[in-house]
Each structure stands twice: as structure tokens, then as C-alpha cells.
Amino acid sequence: MKSAYELALERLAQQGIEPPDEAALDDATRERIAEARRLTEAKLAEIEILHRDAVGKARDAEALRELETQYRRDRGRLDDALEIKVRKLRSAD
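Residues numbered from 1 in each chain as written. Predicted model: local features only at pLDDT ≥ 70, side-chain atom pairs only at ≥ 80, totals over all residues. Heavy atoms only, no water.

1. Topic: the nonpolar core
Okay, so step 1: Core analysis: the largest hydrophobic core is formed by seven residues, namely Ala4, Leu25, Ile33, Ala36, Leu82, Val86 and Leu89.
Okay, so step 2: Mapped onto this core, the elements with two or more residues apiece are helix H2 (27-57) and helix H3 (61-92).
Okay, so step 3: Of all the elements, H3 adds the most residues to this core, at three residues.
Okay, so step 4: Not counting the four nearest positions on each side in its chain, Ala36 is found in contact with Leu82 and Lys85. (Core = buried A, V, L, I, M, F, W, Y, C linked by side-chain atoms within 4.5 Å. Buried < 20%, exposed > 50% of the residue type's maximum accessible area, 1.4 Å probe, protein only. Helix = DSSP H or I, 4+ residues; strand = E, 2+ residues; numbered from the N terminus. Contact = heavy atoms within 4.5 Å.)

2. Topic: the confidence of the model for the chain
Okay, so step 1: Predicted confidence across the chain gives a mean pLDDT of 89, with 95% of residues reaching 70 or more.
Okay, so step 2: Confidence, expressed as mean pLDDT per element, reaches its minimum in the chain at helix H1 (residues 4-14) with 82 and its maximum at H2 with 95. (pLDDT = per-residue confidence, 0-100.)

3. Remarks on the packing of H2 against H3
The geometry of a pair of packed helices is captured by two quantities: the angle between their axes and the separation between those axes.
Okay, so step 1: Packing of H2 against H3 brings their axes to within 10 Å, and their N-to-C directions diverge by 175°. The pairing of H2 with H3 is recorded here as roughly antiparallel in orientation.
Okay, so step 2: The residue makeup of the contact of H2 with H3, split by class, is 13 nonpolar, three polar and 10 charged. (Axes fitted to C-alpha atoms, helices over the stretch in contact; angles between N-to-C directions. Parallel < 35°, antiparallel > 145°, perpendicular 65-115°, else oblique. Nonpolar A, V, L, I, M, F, W, Y, C, P; charged D, E, K, R; others polar.)

4. Quick word on the environment of Gly56
Okay, so step 1: Checked against the element boundaries, Gly56 lands in helix H2.
Okay, so step 2: Judged by relative accessible area, which is 58%, Gly56 ranks as exposed.
Okay, so step 3: Along the chain, Gly56 and Glu18 lie 38 residues apart, while their C-alpha atoms are 43 Å from each other.

5. Re the pattern of salt bridges
Okay, so step 1: According to the stated counting rule, one finds eight salt bridges in the structure shown.
Okay, so step 2: Taking the shortest distance from any N to any O, the salt bridge between Arg30 and Asp27 comes out at 2.6 Å. Highlighted residues: Arg30 and Asp27, both in helix H2, separated by three residues, approximately one helical turn.
Okay, so step 3: Judged by its relative accessible area of 32%, Arg30 is partly exposed.
Okay, so step 4: The shortest N-O distance in the salt bridge between Arg38 and Glu31 comes to 2.7 Å.
Okay, so step 5: Judged by its relative accessible area of 44%, Arg38 falls in the partly exposed class.
Okay, so step 6: When salt bridges that share partners are traced, they join Glu31, Glu35 and Arg38 into one network. (Salt bridge = Lys/Arg side-chain N within 4 Å of Asp/Glu carboxyl O.)

If you want it as C-alpha cells, here you go:
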């Protein structure tokens, strides 16, 4: 499974945009970015566990559709928040 960062890099490449130069970042910024990614991955794992539990308890197709919609929405929100945070950290350097 690819990380949100890897997916974002692929989207940039498809648009003809060069990937960011990681070497230009100082160690402190790279560590803050890595920490933001670790926290997001932990939150994603948490919502996945909660989602699986809820799916196991769902009784009808409508409830399953609603759970899937909510899960995708939550994942997208976390991925977007991570991208924004990383962008801010890069520009602050």
C-alpha cells in the first residue's frame, strides 16, 4: 500500500511537475515531516480498525454503504490534512 506522499508524488509526475528536492530540507524539517506522517498513519490505522469493527456489526447494505462513505471521507480528510501540513513545513524552511 502506497503512502499518501507517494501517491501525491505520482500525481505530480502525471502533471509534469518535478518532485520536491528532499536534500534541500534541513534535518529538523525532515524530522517534523516524518513525525506528521507517522501521526497520520497512526490515525489512519485507528480509523481502519474502527471501520472494520463497524462493518462486522452492520446488518444491512445501506449501513455498509454509509460506513464505506464515512471511511473514505475520513481517509481523504486525513490525507489532505497531511499534505497541507507537509506543504507548510516545506515552505517554512
